[in-house]
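Listed below are the residues making up each chain.
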Amino acid sequence: MIKTINITLIGNPNTGKTSVFNALTGLNQKVGNYPGITVEKKQGTCKLNRTTKARVLDLPGTYSLNASSMDESVVIELLLNKNDLDFPDVAVVVTDVENLKRNLLLFTQIKDLEIPTVLVINMSDQMKRKGISIDVELLEKQLNTSIVLISTRKKRGIESLKETLVKYRSISTSPILDPLTIDETYFKSLKRAFPNQSLYKLWLVITQDVNFTKLERQKVPDSAEFKTQSQSYLKKFQQRETIKRYQIINKILKETYHVNKENATDLRSRLDNILIHKFWGYVIFFVILLSIFQAIFDWSSIPMDLIDSTFVKLSEALNDYLPPGVLTNLITEGVIPGLGGIVIFIPQIAFLFFFISILEETGYMSRVVFLMDRGLRRYGLNGKSVIPLISGTACAIPAVMAARNIESWKERLITILVVPFTTCSARLPVYLILISLVIPNQRFLGISYQGLTLMGLYFLGFLMAIVSASLMNKILETSTKSYFVVEMPNYKLPLLKNVGITVWEKTRAFVVEAGKIILAISILLWVMASHGPGVNFSNAEDLVKTNAEYKNISPDELETKIASYRLEHSYIGILGKSIEPAIAPLGYDWKIGIALISSFAAREVFVGTLATIYSVGNDSQETIKNKMSAEIRPDGSPLFNLASGISLMLFYAFAMQCMSTLAIVKKETNGWKWPLIQLVAMTFIAYFAALIVYQILK
Amino acid sequence: MISLDKLGLGKTAIIESIETDFLPLKLIEMGCLPGNEVSLLYLAPFRDPMYLKIDEAHLAIRTEVAKYIMVKPIS
Ligand SMILES: Nc1nc2c(ncn2[C@@H]2O[C@H](COP(=O)(O)OP(=O)(O)OP(=O)(O)O)[C@@H](O)[C@H]2O)c(=O)[nH]1
Ligand SMILES: [Mg+2]
């Protein structure tokens, strides 16, 4: 019979829990070199041996069981609830060999919960370079547990970890710290009141909200004087507990853990000297961003053209092979152009994720946090808001969740609210196509205008985020004091596999998610565009042919006239026409209006929508870009010119056109209030920004 | 004895005492305890935040928090 046990991975941030999780389960959860990559619990399964299977749980990193931010409280909530389905049979505390002392603090706390606890010392590949030696056997005896030395990078020790886990029942559950040494009277009376409970557990339940209070979470000023007073009392005990634990740990490590400083090579200080230099640090950050945007343009133009023309050929080929009919039209005029509108952006999106994940893997992100904290504080943000803001350039959804490790509720809320202004990858398709249409493809000092425009749009997103943050900072009253403690991790060479996984998973998710929406919307659009009410639609051909104005035009032109007349009187045309008065002042026609409507579900649908609309009833097979540049206004000038192009870019820069982001904001703020405010305010800003810029530029 | 925010760049000191009512527990858990060594490695513009090495941990804190840590410079 196969037995299943629950294994929970716990540890300080950035010690490699997720790497161990991936090694055990074979899954590909995101790994990165800054504290706070994992913010939710994640589950997987693993076969330990022939008779034992394990459900493995990966948790957010935490420095101790005294939680002070939302991601940390996930861990405590689980460990205090014996009835939780995920409650561990055995806990695995993952530690970083270099920071063993600090990591052991959490270990002793977990052990005091009287759960069988295995100590995993990870990153053992670093020991030689850092001159570290450990007497594992002695340490095992002192800590009264099983220890496994592993390296997920070098794939060492995973098997022996599995073997140890199978034998979890033999691990001692005796606690390490006697709470009576913290304060005898207090804990004695506690014991008298609840004689059958683990003292440390009781203590955790009592103090659970001392650092990360309910008060702060929901902002209910319910606490009477008594509670606050006793809180500072409890806090004193927590500190005394920490000091006691360190005393024990120091004593143990003195005998078992040695560092030979001479063997250590110091990459950290050499890199930090320039990367967080008061002047050069900022210059380098700017140059890094600039190069990323240049690269996105320069490296992806060839694969993009290739994809674009492939889709055209595909459409043509299918048109020839498939029997003519409604279904063929749906495929060649609706689905394929729509999908092409998303697939074409794969190269750029992959490059974007590639660069972001390199920045994450090297440890550079925390340096940016350091550089930016002072500047952002003024606007009610926090240095840690940089990570949501930068990862928001990939997608706002994980970025909103990444705000969980900001301790102050107010700074966290502001971060969540402004993150959707950063240029996410779904905006990229819209920008790219518009830029290539309206910005000249020329260079100045080797820097292309198109790349500069793209970077300008990214900065605009950040700027808007900061401006609105500072507004909100004024509006929201301050209730809690914020503090800021950030670990600066070691620099690491990015592991190509981790980067590859991130790029692959994220790009795939983007294509699949967007693909589903596109598929649905392009079918809907096609149906609505090829059907219409009344005689205007059904008799389009006769109506145009008998129109005296068109008497002398060539048959080809006549075809086009018929097609566009029909489109105008289809259902979609009527819909677009009905909103035209509202968007004409922004420089958009009714076809763009349709794309605007459809992209309220998701921005990236814009290009696909236009591609579908322009394809319907149009036999000529052209690339998306050519189709768009061929569109003209009634006066004969191109529809997409500088004024309307910029106006559209601004609209997309500011509007909240993403259902998924609204949903996640609702989840993270516990209600509809903030997402609705976000939706209304952003749409309002977008409309007026686009209006003003078009009226000035036209 | 001075408060940590006054420590010179590149200098090392021993933590003498901490004002436990104001210091976040997290900092104490990361090793900011009396008796441990602290060095000021880097400063952002306007001396804020400060990049410290406390015991074995490398971390950044804001000046307003550093005020609550009293240290005795040793170099
Ligand atoms: N040198 C070395 N680096 C490792 C090893 N295991 C993990 N890393 C790196 O350590 C960093 C952190 O790994 P993660 O698995 O994301 O750590 P985590 O504990 O899940 O981090 P959080 O979710 O942020 O708490 C990544 O850059 C990994 O590549 C190892 O055995 N050796
Ligand atoms: Mg993780």
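The present account deals with the structure reproduced in this document. (Residues numbered from 1 in each chain as written. Chains lettered and ligands numbered in written order. Predicted model: local features only at pLDDT ≥ 70, side-chain atom pairs only at ≥ 80, totals over all residues. Heavy atoms only, no water.)

### Considerations on the site of ligand 1
Residues and elements named next belong to chain A. We apply this condition: The near set for a molecule or strand comprises every residue that places at least one heavy atom within 4 Å of it. Contacts described as polar in this section are N or O atom pairs within 3.5 Å, which, within protein, must combine one atom able to donate a hydrogen with one able to accept it, while residues neighboring in sequence count only if both atoms come from side chains. The method behind every accessible area is Shrake-Rupley, applied with a 1.4 Å probe, and residues are considered shielded solely by the protein chains displayed. By definition, any uninterrupted DSSP run of H or I lasting at least four residues is a helix, any uninterrupted run of E lasting at least two residues is a strand, and each is numbered from the N terminus. Charged means Asp, Glu, Lys or Arg here, nonpolar means Ala, Val, Leu, Ile, Met, Phe, Trp, Tyr, Cys or Pro, and polar covers whatever is left, Gly included.
In the region of ligand 1, 26 residues are neighbours, and Lys17, Thr18, Ser19, Thr38 and Thr152 sit closest. Take Gly16: an N or O atom from its main chain is 2.9 Å from an oxygen atom of ligand 1. Protein coverage of the free-state accessible area of ligand 1, which is 660 Å², stands at 99%. The dominant element in the shell around ligand 1, judged by the number of residues it contributes, is helix α1 (residues 17-25), at three residues. Here the residues of the shell around ligand 1 are counted per class, giving six nonpolar, 15 polar and five charged.

### Some details on the environment of Gly334 of chain A
How we decide: Whether two residues are in contact is decided by their heavy atoms: any pair within 4.5 Å suffices.
Summarising the element assignment, Gly334 of chain A is placed in helix α13 (residues 326-343). Among all residues touching Gly334 of chain A, those that are not within four sequence positions of it are Asn329, Ser522, Trp526 and Thr612 of chain A.

### A closer look at the coordination of the magnesium ion (ligand 2)
Residues and elements named next belong to chain A. Spelled out, the test is: Because no water is among the atoms considered, metal sites can look incomplete, with donors defined as N, O and S atoms within 2.8 Å of the metal, or 3.2 Å for Na, K and Ca. For each residue, the accessible area found with a 1.4 Å probe, counting protein chains only, is set against the maximum for its type, and the residue is called buried under 20%, exposed over 50%, and partly exposed in between.
Here the magnesium ion (ligand 2) is held by the protein donor atoms Thr18 (OG1) and Thr38 (OG1), which lie 1.9 Å from it. With a gap of 20 residues between them, Thr18 in helix α1 and Thr38 in the loop between α1 and β2 (42-47) connect regions that are remote in the sequence. Thr38 matches Thr18 in its accessibility class, with the two residues each being buried.

### Things to note about the pattern of salt bridges
Heads up, the rule is: By salt bridge we mean one thing: a side-chain nitrogen of Lys or Arg within 4 Å of a carboxyl oxygen of Asp or Glu.
Going through the model one piece at a time under the given rule, you end up with 26 salt bridges over all chains. In this structure, the salt-bridge partner of Arg153 of chain A is Glu361 of chain A, at a minimum N-O distance of 3.4 Å. With Arg153 of chain A in the loop between β7 (146-149) and α6 (158-166) and Glu361 of chain A in helix α14 (residues 346-362), the pair connects residues that are 208 residues apart, well separated along the chain. For Arg153 of chain A, a relative accessible area of 31% translates into the label partly exposed. Relative accessible area serves as the criterion here: at 3%, Glu361 of chain A is assigned to the buried category. Between Asp48 of chain B and Arg374 of chain A there is a salt bridge, with the nearest N and O atoms lying 3.8 Å from each other. Residue Asp48 of chain B is found in the loop between β3 (37-43) and β4 (50-54), and its partner Arg374 of chain A is found in helix α15 (residues 364-377); the two belong to separate chains. What makes Arg374 of chain A partly exposed here is its relative accessible area of 34%.

### Considering the interface of chain A and chain B
Selection criterion: Accessible-area loss on putting two parts together, using a 1.4 Å probe and summing over both, is the definition of buried area adopted here.
With 45 residues of chain A at the contact, the number on the chain B side is 31 residues. When the two sides are added together, the surface that chain A and chain B hide from each other amounts to roughly 3500 Å², 57% of it contributed by carbon and sulfur. A per-residue breakdown of the area chain A buries against chain B is headed by Gln239, Phe370 and Val485 of chain A, which together make up 18% of the total. We note a salt bridge from Asp48 of chain B to Arg377 of chain A, for which the minimum N-O separation is 2.9 Å. In this assembly, chain A and chain B are joined by 15 residue pairs in polar contact (both at pLDDT 80 or more). Those elements giving two or more residues to the side of chain A that touches chain B turn out to be α3 (100-112), α10 (225-256), α11 (267-275), α15 and β11 (485-487) of chain A. Ranked by residue count, the leading element in the side of chain A that touches chain B is α10 of chain A, at seven residues.

### Observations regarding the sheet that holds strand β5 (residues 117-122) of chain A
Residue and element names in this part refer to chain A. Put simply, the rule is: The pairing criterion for strands is at least two bridges between them, as found by DSSP. Axis definition: a line fit to C-alpha positions, over the contact stretch in the case of helices; interaxial angles, taken between N-to-C directions, run 0 to 180 degrees.
In space, the six strands of this open sheet follow the order β2-β3-β1-β4-β5-β7, with mixed pairing throughout. Each having just a single partner strand, β2 and β7 make up the two edges of the open sheet. Across the sheet, the axes of successive neighbouring strands diverge by a mean angle of 25°, strand direction being ignored. Pairing between strand β4 (residues 90-96) and β5: six bridges, direction parallel.

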